[in-house]
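These are the residues of each chain, in order.
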Amino acid sequence: MSDWPGADRRRPSLASPTYAVRAPLASWLERQASEAAEAYGRYRILDVGSGMKPYYPFFEPFAEAHVGIDVTPSADLQGKVEALPVEDASFHVVLCTQVLEHCDDPGQAVRELRRVVKPGGRVLASTHGTMVYHPAPHDHWRWTHTGLERLFWDNADWSSVTIRPGSGTTACMGMLVSHYLDLLFRRAHVRPLGRPLTAAVNAAAAVLDRTTPLLREPLPGSIFANYHVEAVA
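Residues numbered from 1 in each chain as written. Predicted model: local features only at pLDDT ≥ 70, side-chain atom pairs only at ≥ 80, totals over all residues. Heavy atoms only, no water.

A. Inspection of the overall build of the protein chain at higher detail. A count of helical and extended segments in the protein chain gives seven helices and seven strands. Shown N-terminal to C-terminal, the secondary structure of the protein chain runs as helices and strands in the order α-α-β-α-β-β-β-α-β-α-β-α-α-β. Taking 17 Å as the expected radius of gyration for a compact globule of 233 residues, we find that the protein chain reaches 18 Å, a close match to that expectation. Overall, the C-alpha framework of the protein chain stretches about 50 × 40 × 35 Å when taken along its three principal axes. In the protein chain, which comprises 233 residues, the proportion classed as buried is 50%. (Helix = DSSP H or I, 4+ residues; strand = E, 2+ residues; numbered from the N terminus. Rg over C-alpha atoms; globule rule 2.2 N^0.38 Å. Buried < 20%, exposed > 50% of the residue type's maximum accessible area, 1.4 Å probe, protein only.)

The structure is reproduced here in structure tokens:
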């Protein structure tokens with residue numbers, strides 16, 4: 001499956017300005033794919049906001065079905081996260097990556113994610129804490145870990161909700177620096193020249209995060225690029 005679209009999502013380059021989001025997200029989803037197989041055997045997965053289903057290769061060895069929903073005509077099914085065109089309790093795993101910040105009604109989105117997951121199944125969601133404005137076509141929301149916890153608990157009945165930052169404060173700061181370095185070099189029409197510098201910033205930030213556990217904890221003063229949500233029905 002190495003030729004499946006979206007390799008830059010599954011194995012992002014250090015030279016990517018979004019490395020602090022993409023690399024931890026890919027690692028988390030790869031682990032979740034095999035852990036779900038231990039919990040459910042071969043399972044059905046719904047990929048909400050799927051696009052090209054970039055994480056399909058992680059789930060393909062374990063999934064009985066991997067159904068993508070998006071607003072684009074190329075998706076398996078067309079629909080928005082607030083009104084998913086599938087039956088109640090029809091999937092063991094519901095994937096919703098980098099969608100909640102773009103949707104019109106996050107509460108309704110969470111209710112729909114809960115509706116379509118089987119009892120005992122899990123919703124795997126990710127969304128931004130800190131990120132530059134990036135309309136696709138809209139960009140409405142940012143969260144803290146407590147805000148996400150409230151969003152999920154207030155809008156559906158769950159057995160458990162676990163929320164963790166994808167990477168730490170230094171990685172988030174490195175991501176912001178990387179974005180503006182990339183913008184600077186792009187506007188100077190020498191974008192490739194900036195990639196080694198972006199890679200160096202991301203690498204240094206990742207090392208600091210790994211060696212300083214407190215930088216990965218949601219403490220007062222911390223900032224995080226992305227959060228990972230595991231909500232069990």
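B. The arrangement of the pairing of strand β6 (residues 160-165) in detail. Burial along β6 is one-sided: Val-161, Ile-163 and Pro-165 are buried, while Ser-160, Thr-162 and Arg-164, pointing the other way, are not. Judged from the six bridges that link them, β6 and strand β7 (residues 226-232) form a sheet pairing that is antiparallel. Directly across from Val-161, in β7, lies its bridge partner Ala-231. (Pairing = 2+ DSSP bridges.)

C. Here's a closer look at the packing of helix α4 (residues 106-116) against helix α5 (residues 145-155). At a minimum axis distance of 9 Å, the contact between α4 and α5 shows a crossing angle of 60°. One finds that α4 runs oblique with respect to α5. Judged by the twist between their axes, the crossing of α4 over α5 is right-handed. Here α4 contributes Pro-106, Gly-107, Val-110 and Arg-111 to the contact with α5, which in turn contributes Leu-151, Phe-152 and Asn-155. Residue composition of the contact of α4 with α5, by class: four nonpolar, two polar and one charged. (Axes fitted to C-alpha atoms, helices over the stretch in contact; angles between N-to-C directions. Parallel < 35°, antiparallel > 145°, perpendicular 65-115°, else oblique. Left-handed = near helix turned anticlockwise from the far one by under 90°. Contact = heavy atoms within 4.5 Å. Nonpolar A, V, L, I, M, F, W, Y, C, P; charged D, E, K, R; others polar.)

D. Fine view of α5. Within the sequence span of α5, burial applies to Leu-148, Leu-151, Phe-152 and Asn-155. Looking straight down α5, one finds that the buried residues subtend no more than 90° of arc, so they occupy a single side. The outward face of α5, more than 90 degrees from its buried face, is lined by the exposed residues Arg-150 and Asp-154. Tucked into the core, α5 has its buried residues touching α4, β5 (117-128), β6 and β7. (Arc of directions from axis to C-beta.)

E. Representation of the nonpolar core. Judged by nonpolar contacts, the single largest core of 33 residues is most densely connected at Leu-46, Val-94 and Phe-152. Elements with a minimum of two residues in this core: β1 (43-48), β2 (63-70), β4 (91-97), α4, β5, α5, β6 and β7. With four residues, the single largest contributor to this core is α4. The contacts of Leu-46, once residues within four sequence positions are left out, are Val-67, Ile-69, Leu-84, Val-86, Phe-91, Val-93, Val-94, Leu-95 and Val-116. Core analysis: the second largest hydrophobic core is formed by 16 residues, Leu-25, Ile-45, Phe-58 and Val-93 among them. (Core = buried A, V, L, I, M, F, W, Y, C linked by side-chain atoms within 4.5 Å.)

F. Quick look at the packing of helix α6 (residues 169-187) against helix α7 (residues 191-211). One can describe the packing of α6 onto α7 by two numbers: an axis separation of 8 Å at closest approach and a directional angle of 175°. With respect to their mutual orientation, α6 and α7 come out roughly antiparallel. Judged by residue contacts, Thr-169, Thr-170, Ala-171, Gly-174, Met-175, Val-177, Ser-178, Leu-181, Asp-182, Phe-185 and Arg-186 of α6 engage Arg-191, Leu-193, Gly-194, Leu-197, Thr-198, Val-201, Asn-202, Ala-205, Leu-208 and Asp-209 from α7. Residues of the contact of α6 with α7, tallied by class, amount to 10 nonpolar, seven polar and four charged.

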